[in-house]
Amino acid sequence: FPEHPERDVLLFLLEHGPLENWERDILAMLREEAYYFLPQAQTKIMNEGWASYWHTTIMTQKALDPSEVIDYAETHSCTMGVQPGSINPYKLGLELFRDIEDRWNKGRFGKEWNDCDDLRLKQQWNTGAGKGREKIFEVRRHYNDVTFIDEFLTPEFVFEQKMFNYGFNKKSGNWEILEREYKAIKNKLLNQLTNFGQPNICVVDGNFENRGELLLKHEYEAVDLRQDYMRDTLVNLYAIWSRPVVLSTLVDDRAVLVRFDGQDFQETKVKDAA
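An account of the accompanying structure is given in this report. (Residues numbered from 1 in each chain as written. Predicted model: local features only at pLDDT ≥ 70, side-chain atom pairs only at ≥ 80, totals over all residues. Heavy atoms only, no water.)

What about the overall build of the chain?
Then, in step 1: When you go through the chain residue by residue, the secondary structure sums to 13 helices and 7 strands.
Then, in step 2: Computed over C-alpha atoms, the radius of gyration of the chain comes to 24 Å, more than 25% over the 19 Å expected from 2.2 N^0.38 for 274 residues, which places it beyond the range of a compact globule.
Then, in step 3: For the chain, the spread of C-alpha atoms along the three principal axes comes to 70 × 45 × 40 Å.
Then, in step 4: Within the span of the chain, comprising 274 residues, buried residues form 35% of the whole.
Then, in step 5: Summed over its atoms, the accessible surface of the chain is roughly 17800 Å², and 50% of this surface lies on carbon and sulfur atoms.
Then, in step 6: With 34 positive and 46 negative side-chain charges, the chain shows a spacing of 5 Å between the two charge centroids. (Helix = DSSP H or I, 4+ residues; strand = E, 2+ residues; numbered from the N terminus. Rg over C-alpha atoms; globule rule 2.2 N^0.38 Å. Buried < 20%, exposed > 50% of the residue type's maximum accessible area, 1.4 Å probe, protein only. Areas by Shrake-Rupley, 256 points an atom, 1.4 Å probe, with all protein chains shown as cover. Lys, Arg positive; Asp, Glu negative; His and termini not counted. Charge placed at Lys NZ, Arg CZ, Asp CG, Glu CD.)

Here it is in structure tokens:
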């Protein structure tokens, strides 16, 4: 058991873990809180981008005297700053909303636009459609972060924003730009947003090898688990399950079972773990 893989690990522990009533209450509160914040997490980029869009629009067009704009711009730039190794949802959301508004104001959408192969014509394209403000309100109502990026991140936007993927080059020992190709950048963004960038892990057996051990499976998606996070999680799961916990995953392209018995970790290579 379970009959089918269970992705709600906390629910499985609540229903089948050897917990005292007070422990079950605490675990249930943590799970409930996580689900409460789920919708916010699904629209983090859109929420922050929307707030930043209206904040800067109101401040620069309605609220400030000309003498105050520089001070405001300095403060605003701190919010828009991009830190290495992370996505700034304020910056990405704001720029995407601005890009959508500009495109729909100029009529850069629809079949005629998509079918046009003339780059010079596309650069000068402006039908005066004036539908930008209407469009961003529509997007706000109907999209979440994943569909927002999937639908509106364009090659032109990636080029204009100077976006790229980077990684660690083992040969040079340096962090380097790996690629600037649009599809690769878009796919990486979507992968980071799907499941909130967390690995997909499910319970596949609550009685592994008929010893009452808990077996979990990592749905491998070309990214290894962080070893420190993995070990800390297994330790915490053991504290709840009170029996050894086993994780099926890939480490350096090797299928392994990582087992924690309350004292030691064991890693066993297997033919097909993930």
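And the narrative resumes.
Points about the layout of surface pockets
Then, in step 1: If you add up the space inside the second largest pocket, you get close to 440 Å³.
Then, in step 2: Taken together, 13 residues form the lining of the second largest pocket, with Arg108, Trp113, Thr154, Glu156 and Glu160 sitting closest to its centre.
Then, in step 3: Residue assignment for the lining of the second largest pocket shows that the elements contributing at least two residues are helix H6 (89-105), helix H7 (110-115), helix H8 (119-123) and helix H11 (155-160).
Then, in step 4: Broken down by class, the residue content of the lining of the second largest pocket amounts to 3 nonpolar, 3 polar and 7 charged. (1 Å grid on protein atoms, 1.4 Å probe; cavity = no way out; pocket = protein on both sides within 12 Å on 5 of 7 lines; lining within 4 Å. Points joined across faces, edges and corners; volume = space filled by probe spheres on them. Nonpolar A, V, L, I, M, F, W, Y, C, P; charged D, E, K, R; others polar.)

Structural notes on a nonpolar patch on the surface
Then, in step 1: On the surface, a nonpolar cluster with roughly 530 Å² of combined accessible area is contributed by Phe164, Tyr166, Phe168, Trp175 and Ile177.
Then, in step 2: Counting only elements with at least two residues in the nonpolar patch, the list comes to strand E1 (165-169) and strand E2 (174-179).
Then, in step 3: As for its position among the elements, Phe168 is in strand E1.
Then, in step 4: Here Phe168 falls in the partly exposed class, since its relative accessible area comes to 44%. (Patch = residues over 30% accessible without salt bridge, like charges linked within 9 Å, V, L, I, M, F, W, Y side chains within 5 Å. Salt bridge = Lys/Arg side-chain N within 4 Å of Asp/Glu carboxyl O.)

Overview of the pattern of salt bridges
For side chains of opposite charge, pairing can occur when their charged atoms come near one another.
Then, in step 1: Scanning the entire structure with this criterion turns up 15 salt bridges.
Then, in step 2: The partner of Arg254 in a salt bridge is Glu267, and the shortest N-O contact between them spans 3.0 Å. With Arg254 in strand E6 (residues 254-260) and Glu267 in strand E7 (residues 265-269), this residue pair connects regions lying 13 residues apart in the sequence.
Then, in step 3: Judged by relative accessible area, Glu267 falls into the partly exposed class, the value being 40%.

Describing the environment of Leu19
Then, in step 1: The residue Leu19 is located in the loop between helix H1 (9-16) and helix H2 (21-36) in this model.
Then, in step 2: In this structure, the C-alpha to C-alpha distance between Leu19 and Phe265, residues 246 residues apart in sequence, is 24 Å.
Then, in step 3: Residues within four places of Leu19 in sequence aside, it is in contact with Leu13, Leu14, Arg24, Leu27 and Ile240. (Contact = heavy atoms within 4.5 Å.)

With respect to helix H10 (residues 145-152)
Then, in step 1: Burial in H10 covers these residues: Asp145, Phe148, Ile149 and Phe152. Seen end-on, H10 carries its buried residues on one side only, within an arc spanning 100°.
Then, in step 2: Buried residues along H10 sit against helix H3 (38-42), helix H4 (44-63), H6, helix H9 (132-142) and helix H12 (182-193).
Then, in step 3: The backbone nitrogen of Val146 has a side-chain oxygen 3.1 Å away, supplied by the residue at the start of H10, namely Asn144. (Arc of directions from axis to C-beta. Polar contact = N/O pair within 3.5 Å; in protein donor to acceptor, adjacent residues only side chain to side chain.)

Here we look at the pairing of strand E5 (residues 245-251)
Then, in step 1: Summarising burial for E5: 7 of the 7 residues are buried, a large majority.
Then, in step 2: Residues Val245, Leu247, Thr249 and Val251 line one face of E5 and the alternating positions Val246, Ser248 and Leu250 line the opposite face, and both faces are buried.
Then, in step 3: Tracing the backbone out of strand E4 (residues 213-218), into helix H13 (residues 227-241) and back to the parallel element E5 gives a crossover that is right-handed.
Then, in step 4: As defined by bridge partners, E5 adjoins E6 across 7 bridges and the pair is classed as antiparallel. Each bridged residue has a counterpart across the sheet, and for Thr249 the counterpart in E6 is Val256. (Right-handed = clockwise from strand over helix to strand, strands pointing away. Pairing = 2+ DSSP bridges.)

A closer look at the sheet that holds E7
In a beta sheet, neighbouring strands pair by backbone hydrogen bonds and run either parallel or antiparallel.
Then, in step 1: With mixed pairing, the 5 strands of this open sheet are ordered in space as E3-E4-E5-E6-E7. Of all strands in the sheet, those bounded by a partner on one side alone are strand E3 (201-208) and E7. Sheet twist, expressed as the mean angle between neighbouring strand axes with direction ignored, is 25°.
Then, in step 2: Relative to E7, E6 is paired through 5 bridges, and the arrangement is antiparallel. Within E7, the position partnered with Val256 by the bridge is Lys269. (Axes fitted to C-alpha atoms, helices over the stretch in contact; angles between N-to-C directions.)

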